[in-house]
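What the coordinates show
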Amino acid sequence: MKLKLKRSRTRPALLTAGTALAAAAVLLGAAGASAGIFRPPVDYPTGNGPRSVAVGDLNGDGKADLAVANVGSNTLSVLVGNGDGSFQAKTA
């Protein structure tokens, strides 16, 4: 998948839900690198037992946001995107 960043740039990204860490990890593609090269992961705390991650513009601001389903706490965490590949703290 690709995250749309500020100034209409896009960058490949990998997203994972880590049950043991209770976090979603975002790995952005390395700028100027060949395909398949990613920066180290950035973990964003979620609820207990994150199982899946969805990406979309959830608040209509034109930036990618994350929705994380947490099976351990039976909750949904929303992480609002900053537009640069980073995300704000979760809201539940």
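Computed from a predicted structure; not experimentally measured. Counting restarts for each chain: residues are numbered from 1 in the order of the written sequence. Per-residue local features of the predicted model are confined to residues with pLDDT of at least 70, and side-chain atom pairs are confined, for both listing and counting, to 80 or more; whole-chain, interface and lining totals are unaffected and use all residues. By convention in this description, side-chain values take in all heavy atoms of the structure and omit both hydrogens and water.

Brief notes about the nonpolar core
Soluble globular proteins: nonpolar side chains tend toward being buried together. What counts is decided by this rule: We call a set of buried residues a nonpolar core when its members are Ala, Val, Leu, Ile, Met, Phe, Trp, Tyr or Cys and they connect through side-chain atoms within 4.5 Å of each other. Burial classification: accessible surface area is computed with a 1.4 Å probe over protein chains only, and a residue below 20% of its type maximum counts as buried, one above 50% as exposed, and the rest as partly exposed. By definition, any uninterrupted DSSP run of H or I lasting at least four residues is a helix, any uninterrupted run of E lasting at least two residues is a strand, and each is numbered from the N terminus.
Counting residues in hydrophobic clusters, the biggest one holds 9 residues: Ala-13, Ala-24, Val-26, Leu-28, Tyr-44, Leu-66, Val-68, Leu-79 and Phe-87. Put simply, the parts of the chain that give this core at least two residues each are β3 (23–28) and β6 (65–70). When residues of this core are assigned to their parent elements, the largest contribution, 3 residues, is made by β3.

A few points about the side chain of Ser-77
To be explicit about the condition: Polar contact is defined as a pair of N or O atoms within 3.5 Å, subject to the rule that within protein one atom must be able to donate a hydrogen and the other to accept it, and that residues adjacent in sequence are counted only when both atoms are side-chain atoms. Only heavy atoms matter for contacts: two residues are in contact if any of them lie within 4.5 Å across the pair.
Inspection of the secondary structure assignment puts Ser-77 in strand β7 (residues 75–79). Ser-77 gets classed as buried once you look at its relative accessible area, which sits at 0%. Here the side chain of Ser-77 touches Gly-47 through a polar contact of 3.3 Å, landing on its backbone nitrogen. Reaching out from Ser-77, the side chain makes a polar contact with the side chain of Asn-70 at a distance of 2.9 Å. Contact partners of Ser-77, with chain neighbours within four places excluded, come to Thr-46, Gly-47, Leu-66, Ala-67, Val-68, Asn-70, Lys-90 and Thr-91.

A short note on the sheet that holds β6
The criterion, for reference: Pairing between strands requires that DSSP locate at least two bridges from one strand to the other. Helix axes are fitted only over the stretch in contact, all axes being lines through C-alpha atoms; the angle between N-to-C directions runs from 0 to 180 degrees.
One open sheet holds the 3 strands; their spatial order is β5-β6-β7, and the pairing between them is antiparallel. Bordering the open sheet on either side are β5 (50–56) and β7, each of which pairs with just one other strand. Each adjacent strand pair in this sheet contributes to an overall mean axis angle of 20°, direction not counted. One ladder, built from 6 bridges, connects β5 with β6; its direction is antiparallel. When the sheet's bridge partners are listed, Val-55 is paired in β6 with Leu-66.

Considerations on the packing of aromatic side chains
Counted only if it meets this: Each Phe, Tyr or Trp ring, with Trp reduced to its six-membered ring, pairs with another whose centre is within 6.5 Å; inter-plane angles below 30 degrees give stacked pairs, above 60 give edge-to-face pairs, and intermediate values give tilted ones.
The final tally for this structure, using the stated rule, is 1 aromatic pair. Summarising the aromatic geometry, the rings of Tyr-44 and Phe-87 are spaced 5.6 Å apart at their centres and angled 85° between planes, so their arrangement reads as edge-to-face. Of this pair, Tyr-44 sits in strand β4 (residues 42–45) while Phe-87 sits in the segment after β7; the two residues are 43 residues apart in sequence, bridging distant segments of the chain. Among the residues examined, Tyr-44 registers a relative accessible area of 11% and is labelled buried.

Some remarks on the environment of Leu-28
As for its position among the elements, Leu-28 is in strand β3. Judged by relative accessible area, which is 7%, Leu-28 ranks as buried. Taking the C-alpha atoms as reference points, Leu-28 and Val-42, 14 residues apart in sequence, are found 8.9 Å from one another.

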